[in-house]
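# Architecture at a glance
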There are 2 protein chains.
Amino acid sequence: MAKKNGTANRQGSGPSTGQTERQPPARYWELIRAAGKLFEEKGYQGASVRDIADAVGMTSGSFFYHFATKEDVLFAVMEGGMLQGLEVVTKKLEGARSAREQLYALVLGHLEGLHSEYGYAHKVWLREWRQISPEKRAPLEALSQSYRDTWLQVLAKVKNEGLIAADIALFRRMTVGALNWTVHWVRNPTPEQLQALAADFVGAFLNEPNPEVRR
Amino acid sequence: MAKKNGTANRQGSGPSTGQTERQPPARYWELIRAAGKLFEEKGYQGASVRDIADAVGMTSGSFFYHFATKEDVLFAVMEGGMLQGLEVVTKKLEGARSAREQLYALVLGHLEGLHSEYGYAHKVWLREWRQISPEKRAPLEALSQSYRDTWLQVLAKVKNEGLIAADIALFRRMTVGALNWTVHWVRNPTPEQLQALAADFVGAFLNEPNPEVRR
DNA sequence: CCTACCGATCGGTAGG
DNA sequence: CCTACCGATCGGTAGG
């Protein structure tokens, strides 16, 4: 969708040079990954097309063989990150039975998405959303909407069980705001630290009396 | 501190042209204000020195009569916003008796700071913090620390009264994260809407049973 | 995917 | 505070 004219695209649009299998457009994904990391580090405007191209060992002109514009690679970073995040969360949710366990799964999944090795995509989403021109926002907003709906379904159950009293729309905003804010104070957590943090967050969101050990 | 050599500064460093009172360096504050709004709208890197100078009707070269670098005006935007925010919150806190009322005062003050006419300063702080070079961060971090301490003092009381169970450091991060996130979904609220929102937030943070009317 | 390049714009400066 | 300007860098393109 954000693709300009990479190898796979050409093969997809008709019979080609004799290759019967689609080649993985490795360079395309390398660029997305490099761009994501650079956008996270220096910001969208602070990272140049040359920076991105250099990072994968190509010249700046070649970047535009893969993407028509700089904005297109930003779009691809965000889209890829959200698709992967949705997948992880959906899977995590299947293993959860009770409403409370599902809430924990969402919280942990969200934290993992933000702080995993691919977390740059979500951080870039949070910081650089406004760099996406309004005409191109719709597909990203659809993904975002789908994620929002997942949260609201779980929160409706949590509220039905009497665990929260607030409006679930406000509660969701409170929750994702608190979780997204961790990008400012959580650094390179281990999986165990993330699990402990998710448990603490669920306890704080529900204002539950503390379990024995944890202060 | 972020000043280069404006009128007031010159007069402050010695006897001058016969003026005995300090002139308000109006152009200096105009630049800060214009810069803040432009940084909010287009981002620090997206707004040029020329944009800022144009906004107050001067040429780009003249900008550098007031500020040595573009970064200095960003610094001034942030510093000014935080100083004003601290003042507002301190005053609001004096009128609050109970711990719960103090929490409400903090929440409302924070929301007002973000969504007031000067809210651009705080939004810029949130989005452009990393543009401040590490050597220049200390004074801003001191202001931030002071604000943090104010929160922690109130939260300690709130916890003492048994209103929350979580660790107050985590609770504070949850709270400010949720409040800062409102920049993404609250638009031009009236004072009344802000008060209602603050009340809802306090209820959600404490997971209190809902009052009668509000859903 | 590279070379060579374009016009535009950037932050900042010299001299008044 | 303005004029006139600098070197650097930017996103993007033509042609292969």
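Residues numbered from 1 in each chain as written. Chains lettered and ligands numbered in written order. Predicted model: local features only at pLDDT ≥ 70, side-chain atom pairs only at ≥ 80, totals over all residues. Heavy atoms only, no water.

The name recorded for chain A in an unreviewed UniProt entry is HTH tetR-type domain-containing protein, from Paraburkholderia aromaticivorans.

## A closer look at the protein's contact with DNA strand D
Note the threshold: The criterion for a residue being near a molecule or strand is simple. One of its heavy atoms has to lie within 4 Å of it. For this analysis, a polar contact is any N or O atom pair within 3.5 Å, provided that within protein one partner can donate a hydrogen and the other can accept it, and provided that sequence-adjacent residues contribute only side-chain to side-chain pairs. Per the convention used, a helix needs a DSSP run of H or I reaching at least four residues, while a strand needs a run of E reaching at least two, with both numbered from the N terminus. Residues are grouped as follows: Ala, Val, Leu, Ile, Met, Phe, Trp, Tyr, Cys and Pro are nonpolar; Asp, Glu, Lys and Arg are charged; every other residue, Gly included, is polar.
The environment of DNA strand D is formed by 17 residues, the closest being Arg50(A), Lys70(A), Ser62(B), Tyr65(B) and His66(B). Val49(A) places a polar main-chain atom, nitrogen or oxygen, 2.9 Å from a phosphate oxygen of DNA strand D. The side chain of Ser62(B) places a nitrogen or oxygen atom 2.4 Å from a phosphate oxygen of DNA strand D. If you list the elements that add at least two residues to the surface near DNA strand D, you get helix H3 (49–55) and helix H4 (60–66) of chain A together with helix H4 (60–66) of chain B. Looking at which element gives the most residues to the surface near DNA strand D, the answer is H4(B), with 4 residues. Of the residues contributing to the surface near DNA strand D, the split by class is 5 nonpolar, 8 polar and 4 charged.

## What to know about the UniProt feature "domain: HTH tetR-type" (unreviewed entry) in chain A
Using the following cut-off: UniProt positions are given in the numbering used here, feature names are shortened, and annotations may be inferred rather than shown by experiment.
UniProt's feature table lists "domain: HTH tetR-type" (unreviewed entry) at residues 25–85 of chain A, given in the numbering used throughout. For residues 25–85 of chain A, helix accounts for 77% and strand for 0%, while the C-alpha atoms at its two ends are 21 Å apart.

## Examining the pattern of salt bridges
Which entries qualify depends on this criterion: Take a side-chain nitrogen of Lys or Arg and a carboxyl oxygen of Asp or Glu: if they are within 4 Å of each other, that pair is a salt bridge. Buried means the residue's accessible area, taken with a 1.4 Å probe over protein chains only, is under 20% of the maximum for its type, while exposed means over 50%, and partly exposed covers the values in between.
The tally for this structure, following the rule as stated, stands at 19 salt bridges over all chains. A salt bridge links Glu117(A) to Arg33(A); the nearest nitrogen and oxygen atoms lie 2.4 Å apart. In this pair, Glu117(A) sits in the loop between helix H6 (99–115) and helix H7 (119–128) while Arg33(A) sits in helix H2 (residues 26–42), placing the two residues 84 residues apart along the sequence. The class for Glu117(A) is partly exposed, based on a relative accessible area of 48%. Taking the relative accessible area as the measure of exposure, Arg33(A) reaches 26% and is therefore partly exposed. Close ionic contact of Lys42(A) with Asp51(A) constitutes a salt bridge, the shortest N to O distance being 3.1 Å. According to the relative accessible area criterion, Lys42(A) is partly exposed, its value standing at 33%. You can call Asp51(A) partly exposed: its relative accessible area is 23%. One salt-bridge network, held together by shared partners, links Glu71(B), Asp72(B) and Lys136(B).

## Some words on the protein's contact with DNA strand C
The full set close to DNA strand C counts 17 residues, and Ser62(A), Tyr65(A), His66(A), Val49(B) and Lys70(B) are the nearest of them. What you see for DNA strand C is that sugar and phosphate hold 55% of its atoms within 4 Å of the protein. Between DNA strand C and Arg27(A) there is a distance of 3.1 Å, counted from a phosphate oxygen to a side-chain nitrogen or oxygen. Backbone polar atom of Thr59(A) to a phosphate oxygen of DNA strand C: 3.1 Å apart, as the coordinates give it. Of all elements in the fold, only H4 of chain A together with helix H3 (49–55) and H4 of chain B reach the threshold of two or more residues within the surface near DNA strand C. In the surface near DNA strand C, the residues fall into 5 nonpolar, 8 polar and 4 charged.

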